[in-house]
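Topology and contacts: notes
So you can see what is in the structure, the chains are spelled out below.
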Amino acid sequence: MTESKTGSPAKLIRLETFDTAIAIDPAGEDAAKRRFMTLLLDPRSISRGNNGCVARVRNTAGETFAMKVPTGCKLIEEQPTEDVRSPEETSRHLADSAALFEEYRNLCAVSHLRWFPRVYGYGTSQGEPLILMEWVKGVSLADAVQDLPRDASDNVCGRGVAAIGRAVSRALIGAQNLSTPIVHRDLSPANIILRTADRTVTEQVAALDFDLCLIDMGSSVARAPESTLTMRTDIWRFAPPAYAAPEMLTQDVPGIVAKRRDPAVDVYALCSLLYELYAGRLPYDVSTVDSATGGSYYLLKTQQAPRGLQPREAADQPLVDIIMRGLAIE
């Protein structure tokens, strides 16, 4: 252990293997790998989510990266112990590791697009798989909401909501225009970062021109016709219900596999968060899911229409129409 730049004990991570995400000259391969083989992890930066854990790490040259590992990975434990996972835990960890590699493949596909983190490579440490990618400097949309322009109702004004919608849509369209299109499938205010390396949030808000980065590709899928690793290993990712399209909240509906791979799920999630920005509440109150809906978020969102949304100004009518069309049951 040593001290991180934040003053907390930093954990030494030594990689046993590392494959770079981009093709490099064989003569420079060793030097490229050395850049990533010894890392210092800041324990205070660890973020645990549904699709794995992310921590900030730096190399011996002081460069900063994001390291993502499967949930329960011993690399992020404060005092790693011998692997004593139960058979069920071992099976789940293997599935999570396979899903991490699927995420890496999808990250590689979008890494060159400005709206996604740059990915550097995939490696192992203590037998655990990991992804190294860009540590995105910025503020999540969830934290930046308070800085967005407001109207007399104290909700985000229509122009501000539309500007966010346009910025996210550019990212989604970019991912769909790839030779193998990618569907994100987990859009939420927490997974949208306003980059601040070049412009502050205040400057972006003033111009209504947002420099966005979509993070957490753990639920993403490639729209290739052949079955993906996720499908072959029967790994199902269920999105948080607040913003997710109904098809992302079930697996026992006819034709659900194809529906979960359709970019319409991203449109639905985008319209859910735009609805929340404009109305100050979500289109569905997911806390009402109980025996009346069979305990099913899917049934809530397919058997009940979203709560109505009225424009506060005449100029907002087209925006409201678009949002409600994106949330239509069909």
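Since this is a predicted model, take the numbers as computed values, not measurements.

**Focus on the environment of G62**
Considering the arrangement of structural elements, one finds G62 in the loop between strand 6 (52–59) and strand 7 (64–69). With 22 residues separating them along the chain, G62 and L40 place their C-alpha atoms 9.4 Å apart.

**Side note on unusual backbone geometry**
Phi is positive for Q126, which is not a glycine, with a value near 55 degrees. Positionally, Q126 belongs in the loop between strand 8 (119–125) and strand 9 (128–134). Although it is not a glycine, D216 adopts a positive phi angle of roughly 55 degrees. As for its placement among the helices and strands, D216 is situated in the loop between strand 13 (212–214) and strand 14 (221–222). Taking the relative accessible area as the measure of exposure, D216 reaches 23% and is therefore partly exposed.

**Details of the environment of Y297**
With respect to the secondary-structure elements, Y297 resides in helix 9 (residues 297–303). Setting aside anything within four residues of it in sequence, one finds Y297 in contact with P241, L249, V286 and V289.

**Points about the packing of aromatic side chains**
Scanning all chains against the criterion turns up seven aromatic pairs. With a centroid separation of 5.7 Å and 35 degrees between ring planes, the pair formed by F36 and Y120 is classed as tilted. Separated by 84 residues along the polypeptide, F36 in helix 1 (residues 29–37) and Y120 in strand 8 bring together distant segments of the chain. Ring geometry for F101 and Y104: centres 6.1 Å apart, planes at 40 degrees, overall tilted. Separated by three residues within a single helix, F101 and Y104 lie in helix 2 (residues 87–110), roughly one turn from each other. Classification of F101 by relative accessible area gives partly exposed; the value is 31%. Lying across the ring of Y278, R312 places its NZ or CZ 3.8 Å from the centre.

**Notes on empty space enclosed by the protein**
Across all of its chains, the model carries three cavities of 30 Å³ or more by this definition. If you add up the space inside the largest cavity, you get close to 70 Å³. Around the largest cavity, the lining residues are R185, D186, L187, S188, A239, P240, Y243, A244, A245, M248, V265 and A269. Of the residues contributing to the lining of the largest cavity, the split by class is nine nonpolar, one polar and two charged.

**Quick word on the pairing of strand 9**
With respect to burial, strand 9 is a largely interior element, six of its seven residues being buried. Sheet topology note: the strand 8/strand 9 ladder contains six bridges and is antiparallel. Counted as the bridge partner of T124 is P129 from strand 9. Counting the residues that bridge the hairpin from strand 8 to strand 9 gives two residues, and of these Q126 lies at a positive phi of roughly 55 degrees.

**With respect to the layout of surface pockets**
There is about 640 Å³ of room inside the largest pocket. Lining the largest pocket we find 32 residues, and of these S47, V54, N191, I215 and D216 sit closest to its centre. Of all the elements in the fold, those that place two or more residues in the lining of the largest pocket are strand 5 (47–49), strand 6, strand 7, helix 2, strand 9 and strand 10 (138–140). Here the lining of the largest pocket is built from residues that sort into 15 nonpolar, 10 polar and seven charged. Computed from the structure, the second largest pocket encloses a volume of approximately 420 Å³. If you trace the second largest pocket, you find 19 residues lining it, with P246, E247, A328, I329 and E330 closest to the centre. Of all elements in the fold, only helix 7 (256–260), helix 8 (264–279), helix 9 and helix 10 (317–326) reach the threshold of two or more residues within the lining of the second largest pocket. Top contributing element to the lining of the second largest pocket by residue count: helix 8, with four residues. When its residues are assigned to classes, the lining of the second largest pocket shows 11 nonpolar, two polar and six charged.

Rules used throughout
- Residues numbered from 1 in each chain as written.
- Predicted model: local features only at pLDDT ≥ 70, side-chain atom pairs only at ≥ 80, totals over all residues.
- Heavy atoms only, no water.
- Helix = DSSP H or I, 4+ residues; strand = E, 2+ residues; numbered from the N terminus.
- Buried < 20%, exposed > 50% of the residue type's maximum accessible area, 1.4 Å probe, protein only.
- Contact = heavy atoms within 4.5 Å.
- Phe/Tyr/Trp six-rings, centres within 6.5 Å; stacked < 30°, edge-to-face > 60°.
- Lys NZ or Arg CZ within 6 Å of the ring centre and 35° of its normal.
- 1 Å grid on protein atoms, 1.4 Å probe; cavity = no way out; pocket = protein on both sides within 12 Å on 5 of 7 lines; lining within 4 Å.
- Points joined across faces, edges and corners; volume = space filled by probe spheres on them.
- Nonpolar A, V, L, I, M, F, W, Y, C, P; charged D, E, K, R; others polar.
- Pairing = 2+ DSSP bridges.

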